[in-house]
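Fold and contact review
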Amino acid sequence: MTGRRGPRPCGPRSPAETDVLRIVADARTPVFVTVREGGGRRYSYWRPLDSTTGRGGCYAALPTDECDRLYAAGRIALGDPLTDPARTMYRVTVVRAPAAPAPRLARVRARAA
């Protein structure tokens, strides 16, 4: 049978993989993967400036090995490509487990008296 079946089962996640999924799942933090001409990949996101600590306001890289494992396991997906001469970028999103089908409720038909 061909076609995508959904996420493949995977073992326990490492703390780094858990952090990656937390960052990717945050809608306020768009994550992208940049693929260079030679095949090098870099997963990154914009880290906003934290006014209390004075940290942030820069791009932050995510660990490529963990991101690649999550992609291979079907836990993250890549969006449509945006290509320029030196690179291709993809938006990275979390693959949500499909919702369980709602139980069917028996229809109650009222009889006209």
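From a predicted model like this one, the values you see are computed outputs, not experimental measurements. (Residues numbered from 1 in each chain as written. Predicted model: local features only at pLDDT ≥ 70, side-chain atom pairs only at ≥ 80, totals over all residues. Heavy atoms only, no water.)

1. As for the overall build of the chain
Along its length, the chain carries 2 helices and 6 strands. Starting at the N terminus and ending at the C terminus, the chain contains elements arranged as α-β-β-β-α-β-β-β. A burial count over the chain gives 21% of its 113 residues as buried. Taking the contacts inside the chain whose residues are at least 6 apart along the sequence as the reference set, 44% of them involve residues at least 24 apart. (Helix = DSSP H or I, 4+ residues; strand = E, 2+ residues; numbered from the N terminus. Buried < 20%, exposed > 50% of the residue type's maximum accessible area, 1.4 Å probe, protein only. Contact = heavy atoms within 4.5 Å.)

2. As for the pattern of salt bridges
Across all of its chains, the model carries 6 salt bridges by this definition. Of the charged contacts, one joins arginine 28 and aspartate 26 as a salt bridge, the two residues approaching to 3.1 Å between their closest N and O atoms. Accessibility expressed as a relative area gives 72% for arginine 28, which makes it exposed. With a closest N to O distance of 2.4 Å, aspartate 68 and arginine 41 form a salt bridge. On the criterion of sequence distance, the pair formed by aspartate 68 in helix H2 (residues 64-72) and arginine 41 in strand S2 (residues 41-47) is long-range, its members being 27 residues apart. By sharing partners, the salt bridges in this structure join Glu17, Glu66 and Arg69 into a single network. (Salt bridge = Lys/Arg side-chain N within 4 Å of Asp/Glu carboxyl O.)

3. Thoughts on the side chain of threonine 88
With respect to the secondary-structure elements, threonine 88 resides in strand S6 (residues 87-94). Using a relative accessible area of 17% as the deciding quantity, one classes threonine 88 as buried.

4. Remarks on the confidence of the model for the chain
Averaged over all residues, the pLDDT of the chain is 82; the fraction at 70 or higher stands at 74%. Contacts from residues 1-9, a stretch scored under 50 in pLDDT, to residues over four places away or in other chains number 6 contacts. (pLDDT = per-residue confidence, 0-100.)

5. So, the layout of surface pockets
A water-sized probe, rolled over the atoms, reveals where empty space remains. In this structure, the largest pocket encloses a volume near 170 Å³. Taken together, Phe32, Thr34, Arg36, Gly40, Arg41, Arg42, Ser44, Tyr45, Tyr59, Arg87 and Met89 make up the lining of the largest pocket. Looking at the lining of the largest pocket, the elements that each hand over two or more residues are strand S1 (31-36), S2 and S6. Top element by residues in the lining of the largest pocket is S2. It accounts for 4 residues. When grouped by side-chain class, the residues that make up the lining of the largest pocket number 4 nonpolar, 3 polar and 4 charged. (1 Å grid on protein atoms, 1.4 Å probe; cavity = no way out; pocket = protein on both sides within 12 Å on 5 of 7 lines; lining within 4 Å. Points joined across faces, edges and corners; volume = space filled by probe spheres on them. Nonpolar A, V, L, I, M, F, W, Y, C, P; charged D, E, K, R; others polar.)

6. A short note on the environment of glycine 79
Assignment of secondary structure puts glycine 79 in the loop between strand S4 (76-78) and strand S5 (82-84). Overall, the relative accessible area of 30% leaves glycine 79 in the partly exposed class. The sequence separation of glycine 79 and tyrosine 90 amounts to 11 residues, and the corresponding C-alpha distance is 5.4 Å. The residues contacting glycine 79, other than those within four sequence positions of it, are Tyr90 and Arg91.

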